Amino acid sequence: MLHPTRWLTLFLSTCLALASCSGQNSSSVSNQWSGPTVLASVTVEDASASDEGLKVVRSPHYEIYSTIQDRPEMLSRLAQLMEGAFGMYRTVAPMVVPTDYPMRCYMFNNKVQWMDFTRQHTGMDANVYLQINRGGYTIHDWYVAYYIGDVDTYSVASHEGWHQFVARHFKGRLPPFLEEGLACMFEHVEWTNDDLPRFNLSLNPERALSLRRVVDANELFPLSKLITLHAGNIIGLPGIRIEAFYSQNWAFARYLWDGDGGKNRPALERLLADTAAGTIYDPTGSLRRAYLGWNPAGVQPLLEHYLGQNLDAIDADYQLFIHKVAYDEMTEQFEMH
């Protein structure tokens, strides 16, 4: 059943129809690729004699249980993806000391299997999870997803893997909107000819286009509202509001990661380090331990403390960054690599 100490973490895939745009090369966004240099050790085997058709994919940090049968190469790639993403998670949160036992993932071949598993394992919260049209969710330190095409499946897995990583390794609790935004930074994945995943934490064409659509429709959440939301709050809202939630969260995470030449990255690193250690600044005390009740009133003073500005000043800079991403960066976001 749903862990009572953590909020709902999930990824609703909007799966936009994307078109490539041409433009001149730039080093500010499009060239910032990273990832593993060697393939991880991966094995694929039957999970057990009693679970016919269930495979288990093992790699150094993961156990992936899957009912996917007709795409064996995809299972191996999924493990390579997660190992590569794990390295990127540690790039963002280098203070984390990895545990010595693997994290468990469930990847089903279709939505019907995913729904059956969800009903059996999430108790009274099943109805919330079953409202996810496309995507996945994370409970405890394991995530559950299903196949929706290679590209989107990798995107969901890499997104949910961040929630899983945080649940396993952080004593405290990140504000939900920020945890979701950081998860979105891992969604855009490309592959080398050697089947190595490549990540660019500044590129996410789908979220950038979504942000542009939200801005043009005048559907942005005020920052004072956005910072109090979690994924469960937006299930069932109109599609444009769901797009606003995820694209704005992604934009805010990027604002902290690389906005204005990276001026806020030291503050983000301190915030993540303190959350991992359970010493995050929070007058309400609700963010210092993951098992405590969630109190959104703690987020504004937290941001003001780490960024050294009041929320109005933060919001003014953030709005400028939103405009930059939604308009000035759009060509770069869609360049082919």
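The sections below set out a description of the structure shown in this document. Quick caveat: nothing in here was measured; it's all calculated off a predicted structure.

**Quick word on the side chain of aspartate 282**
Consideration 1: Looking at where aspartate 282 falls in the secondary structure, it is placed in the loop between α10 (265-277) and α11 (299-307).
Consideration 2: Each residue touching aspartate 282, except ones within four places of it in the same chain, is listed here: Leu287, Arg288 and Gly298.

**Remarks on the nonpolar core**
Consideration 1: Within the largest apolar cluster, 98 residues are counted, with the highest numbers of intra-cluster contacts made by Ile64, Trp162, Phe170, Leu182, Phe252 and Leu303.
Consideration 2: Contact partners of tryptophan 162, with chain neighbours within four places excluded, come to Tyr89, Val92, Ala93, Leu174, Glu179, Leu182, Ala183 and Phe186.

**Things to note about the pairing of strand β3 (residues 55-59)**
Consideration 1: Here four bridges tie strand β2 (residues 43-46) to β3, and the two strands are oriented antiparallel to one another. Its bridge partner being in β3, valine 44 is matched across the sheet by valine 57.
Consideration 2: Of the pairings in the sheet, the one linking β3 to strand β4 (residues 62-66) comprises five bridges and is antiparallel in character. Among the inter-strand pairings, arginine 58 is bridged to a residue of β4, identified as glutamate 63.

**Considerations on the pattern of salt bridges**
Consideration 1: In the structure shown here, the tally under the stated rule is 17 salt bridges.
Consideration 2: Arginine 254 is the partner of glutamate 329 in a salt bridge, and the nearest nitrogen-oxygen pair spans 2.8 Å. Of this pair, glutamate 329 sits in the loop between α12 (311-328) and α13 (330-333) while arginine 254 sits in helix α9 (residues 239-258), and the two are 75 residues apart along the sequence. Each member of the pair, glutamate 329 together with arginine 254, is buried.
Consideration 3: In this structure, the salt-bridge partner of aspartate 317 is lysine 263, at a minimum N-O distance of 3.4 Å.

The rules behind these values
Residues numbered from 1 in each chain as written. Predicted model: local features only at pLDDT ≥ 70, side-chain atom pairs only at ≥ 80, totals over all residues. Heavy atoms only, no water. Helix = DSSP H or I, 4+ residues; strand = E, 2+ residues; numbered from the N terminus. Contact = heavy atoms within 4.5 Å. Core = buried A, V, L, I, M, F, W, Y, C linked by side-chain atoms within 4.5 Å. Buried < 20%, exposed > 50% of the residue type's maximum accessible area, 1.4 Å probe, protein only. Pairing = 2+ DSSP bridges. Salt bridge = Lys/Arg side-chain N within 4 Å of Asp/Glu carboxyl O.

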